Amino acid sequence: SISMLAACTPATPDEPLEDLGAFSLGHNIVVASKMQEVPGSRDATKEEWTEVMTSEMDARFARYEGSQLYHFGISIEGFFLAPPGIPIVLSPKSVLAINVTVWDDAAGAKLNPKVKTFTVFETTSANSFLVGSGHTRTKEEQLRGLARNAVGQIEEWMLEQHKENGWFGEASDVAEVDPAAPS
């Protein structure tokens, strides 16, 4: 259920939006052709990963209503989903590795010429901290939790790039322009 999933992860798609200027979601392409599964992990297919990552990216970024289109290219590089193991002795954390590229539609160019790599860990609850999430969460909950945490990290990175490097233009490109403001 959705409420149970939301309780497992801190980042939810309906949190207030950040100021990403004129950002509006264009294409959201997720691939897993080079994906590696770390030995000992619970199994998850390329289709499961691309579906959950695409879904979580859409849920968060489709809410932005800027005037400029930007596209995501995301590659699932590798993962480890904590299996049920021996509590305390073996309580591994799940992890996801992804590469992200952001494209500016108007410029027809990448905003980040070199891919940005994210290593995303799952959020631990009081229960999963001691026994590992393989005991307390289903595979689907682990997938969604990692995807949500990845989306949160991507958004934080985008916000940082927007503030420091002017990605996504100005929010005034989006809203009604104040006629008294100098142009």
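Our subject is the structure that appears above.
Rules used throughout
- Residues numbered from 1 in each chain as written.
- Predicted model: local features only at pLDDT ≥ 70, side-chain atom pairs only at ≥ 80, totals over all residues.
- Heavy atoms only, no water.
- Patch = residues over 30% accessible without salt bridge, like charges linked within 9 Å, V, L, I, M, F, W, Y side chains within 5 Å.
- Areas by Shrake-Rupley, 256 points an atom, 1.4 Å probe, with all protein chains shown as cover.
- Salt bridge = Lys/Arg side-chain N within 4 Å of Asp/Glu carboxyl O.
- Lys, Arg positive; Asp, Glu negative; His and termini not counted.
- Charge placed at Lys NZ, Arg CZ, Asp CG, Glu CD.
- Helix = DSSP H or I, 4+ residues; strand = E, 2+ residues; numbered from the N terminus.
- Core = buried A, V, L, I, M, F, W, Y, C linked by side-chain atoms within 4.5 Å.
- Buried < 20%, exposed > 50% of the residue type's maximum accessible area, 1.4 Å probe, protein only.
- Polar contact = N/O pair within 3.5 Å; in protein donor to acceptor, adjacent residues only side chain to side chain.

(A) Local environment of a negative patch on the surface. Judged by side-chain charge, Asp14, Glu15, Glu18, Asp19, Glu156, Glu160, Glu164 and Glu170 come together as a negatively charged surface patch. Locating aspartate 14 in the fold gives a position in the loop between α1 (2-8) and β1 (23-31).

(B) View of the nonpolar core. By size, the foremost hydrophobic cluster in this structure holds 36 residues, and its most contacted members are Phe23, Trp49, Met53, Phe61, Phe72, Ile98 and Ile154. Where this core is concerned, the elements lending two or more residues are β1, α2 (46-61), β3 (68-80), β4 (95-104), β6 (116-121) and α5 (139-165). Here this core gets nine residues from one element, more than from any other, and that element is α5.

(C) Layout of the pattern of salt bridges. This structure, assessed with the given rule, holds six salt bridges. Notably, a salt bridge pairs glutamate 155 with arginine 60, separated by 3.0 Å at the nearest N-O pair. Here glutamate 155, found in helix α5, pairs with arginine 60, found in helix α2; they are 95 residues apart in sequence, far enough to count as distant. Considered together, glutamate 155 and arginine 60 belong to a single accessibility category, that of buried residues. Residues joined by salt bridges that share partners form a network here, namely Glu56, Arg144 and Arg148.

(D) Highlighting the side chain of lysine 139. Tracing the backbone shows lysine 139 in helix α5. Among the polar contacts listed, one links the side chain of lysine 139 to the backbone oxygen of aspartate 43, at a separation of 3.3 Å.

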